[in-house]
Amino acid sequence: MKKINITNRLKEQLQEKGKKEEIEMIDNSIKEEELKDILDLDEINSISEDQELVNFLKESTVKLFNIQAKSVVLIGEVLTNVFEKLAKQGSQEGVYEKWLKLNNFNKQTALRYRRRYFVYNQVNIENKNVVLTLPQNIIDIMYEHKEHIKLLNDGVSKKDLINSINNLKIEDKREYSNFIEFDFKNYKNIFFDFDKKIESLKEKEKIELQKHLKKIEEILNKD
């Protein structure tokens, strides 16, 4: 019986996967018209009077953007897999940050990659290119306010999506301007005789209180 060379088989599988991803990248490539609000490709016209060369440079610019955009998603996938695996294993605090440092990533940069990867995975296939062309501040808000992911999947245009998010940012600023007058000292008294107050609660109220306390704990312990 002929032995199977596992190493060679693995190489073949990786090559097949690479070919498949290459075909998918070609089929799903971001087109020039999708980049008009991001790249001013007309500036390339000033580089040369040779129209054939200008067209070639424009095509190459679009190819570069595609490579960079796809790379962001692939990096986000790796970072997400590591983050989730360490979280499931209950790894010692700081392992993820140390691993990031070894790979020349800071925590915030890694978070941005993971957020874009998350949003990219949540949208319909016809909207994936839209996610690749959205600015990071929009991606951050879509991650925090996932109803905007649903809006995109429901067929809202990129322009209307951004307008909706910008309106949300205006509302958030208004809330923040009201919040800065908030005085935490006014709430210190709620922790006076806290145990006795909890004992007097009904079971349903205790469960509800626990949910809110966990949320407060997450906010206070957020890095």
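All of these numbers come straight from a predicted model, not from anything done at the bench. (Residues numbered from 1 in each chain as written. Predicted model: local features only at pLDDT ≥ 70, side-chain atom pairs only at ≥ 80, totals over all residues. Heavy atoms only, no water.)

Quick look at the packing of aromatic side chains now. Inspection of every chain in the model, using the stated rule, returns 4 aromatic pairs. Residues F83 and Y96 carry aromatic rings whose centres are separated by 5.1 Å and whose planes lie at 75° to one another, so their mutual orientation is edge-to-face. Separated by 13 residues along the polypeptide, F83 in helix α2 (residues 51-89) and Y96 in helix α3 (residues 95-102) bring together distant segments of the chain. Consider the rings of F118 and Y143, whose centres lie 5.3 Å apart with planes at 80°: the pair is edge-to-face. A residue pair is termed long-range when its members are at least 10 positions apart, and F118 in helix α4 (residues 107-122) and Y143 in helix α6 (residues 136-144) qualify at 25 residues. Residue classification places F118 among the partly exposed residues on the basis of a relative accessible area of 27%. One aromatic cluster is present, built from ring pairs that chain together F83, Y96 and W99. Residue placement shows R114 over the ring face of F83; its charged tip is 3.7 Å from the ring centre. Note that K128 overlies the ring of Y120, its terminal NZ or CZ placed 4.6 Å from the centroid. (Phe/Tyr/Trp six-rings, centres within 6.5 Å; stacked < 30°, edge-to-face > 60°. Helix = DSSP H or I, 4+ residues; strand = E, 2+ residues; numbered from the N terminus. Buried < 20%, exposed > 50% of the residue type's maximum accessible area, 1.4 Å probe, protein only. Lys NZ or Arg CZ within 6 Å of the ring centre and 35° of its normal.)

Direction vectors running N to C along α2 and α4 enclose 105°, while the axes themselves pass 7 Å from each other. Taken together, the axis directions place α2 and α4 in an arrangement best described as roughly perpendicular. Counting all contacts with α2, which are made through K70, V72, V73, I75, G76, E77, L79, T80 and F83, the residues of α4 involved are A110, Y113, R114, R116, Y117 and Y120. Residues that form the contact of α2 with α4 fall into these classes: 9 nonpolar, 2 polar and 4 charged. (Axes fitted to C-alpha atoms, helices over the stretch in contact; angles between N-to-C directions. Parallel < 35°, antiparallel > 145°, perpendicular 65-115°, else oblique. Contact = heavy atoms within 4.5 Å. Nonpolar A, V, L, I, M, F, W, Y, C, P; charged D, E, K, R; others polar.)

So, on to a nonpolar patch on the surface. On the surface, L213, I216 and L220 cluster together to form a nonpolar patch covering roughly 280 Å² of accessible area. Secondary-structure assignment places L220 in helix α10 (residues 203-220). (Patch = residues over 30% accessible without salt bridge, like charges linked within 9 Å, V, L, I, M, F, W, Y side chains within 5 Å. Areas by Shrake-Rupley, 256 points an atom, 1.4 Å probe, with all protein chains shown as cover. Salt bridge = Lys/Arg side-chain N within 4 Å of Asp/Glu carboxyl O.)

Moving on to the environment of R116. Among the secondary structure elements, R116 is positioned in helix α4. Beyond its immediate sequence surroundings of up to four residues, R116 is in contact with V72, V131, L132, L134, P135, Q136 and I139. Among the polar contacts listed, one links the side chain of R116 to the backbone oxygen of L134, at a separation of 2.9 Å. (Polar contact = N/O pair within 3.5 Å; in protein donor to acceptor, adjacent residues only side chain to side chain.)

Looking now at the side chain of T133. Relative to the assigned elements, T133 resides in helix α5 (residues 128-133). Look at T133 and you get buried, because its relative accessible area is 6%. Within the structure, the side chain of T133 is placed 3.0 Å from the side chain of K158, a separation counted as a polar contact. With residues near it in sequence (within four places) discarded, T133 still touches I30, E34, L35, I38, F65 and K158.

Our focus in this paragraph is unusual backbone geometry. Trans is the prevailing form of peptide bonds, just as negative phi is the prevailing case for residues other than glycine. Here N104, not a glycine, exhibits a phi torsion of approximately 60°, which is positive. Note that N104 resides in the loop between α3 and α4.

Further remarks concern the nonpolar core. Formed by 26 residues in total, the largest nonpolar core has its most connected members in V119, V131, L134, M142 and L152. Counting residues per element, this core draws most heavily on α2, which supplies 5 residues. By size, the runner-up hydrophobic cluster in this structure holds 6 residues, among which are L79, L86, A110 and Y113. (Core = buried A, V, L, I, M, F, W, Y, C linked by side-chain atoms within 4.5 Å.)

This brings us to the environment of K158. Tracing the chain through its elements places K158 in helix α8 (residues 158-179). The buried category is assigned to K158, whose relative accessible area is 17%. With 27 residues separating them along the chain, K158 and V131 place their C-alpha atoms 9.1 Å apart. Aside from chain neighbours lying at most four places away, what touches K158 is E34, D37, I38, V130, T133 and L134. A polar atom in the side chain of K158 sits 2.9 Å from the side chain of D37.

Going through the model one piece at a time under the given rule, you end up with 6 salt bridges. Where D37 meets K158, a salt bridge forms, and the shortest distance between an N and an O atom there is 2.9 Å. Here K158 lies in helix α8 and D37 lies in the loop between α1 (6-27) and α2, a separation of 121 residues in the sequence. Since its relative accessible area comes to 54%, D37 is described here as exposed. Close ionic contact of K58 with D42 constitutes a salt bridge, the shortest N to O distance being 3.9 Å. Residue K58 is found in helix α2, and its partner D42 is found in the loop between α1 and α2; the two are separated by 16 residues along the sequence.

None of the figures reported here should be taken as evidence of function without further support.
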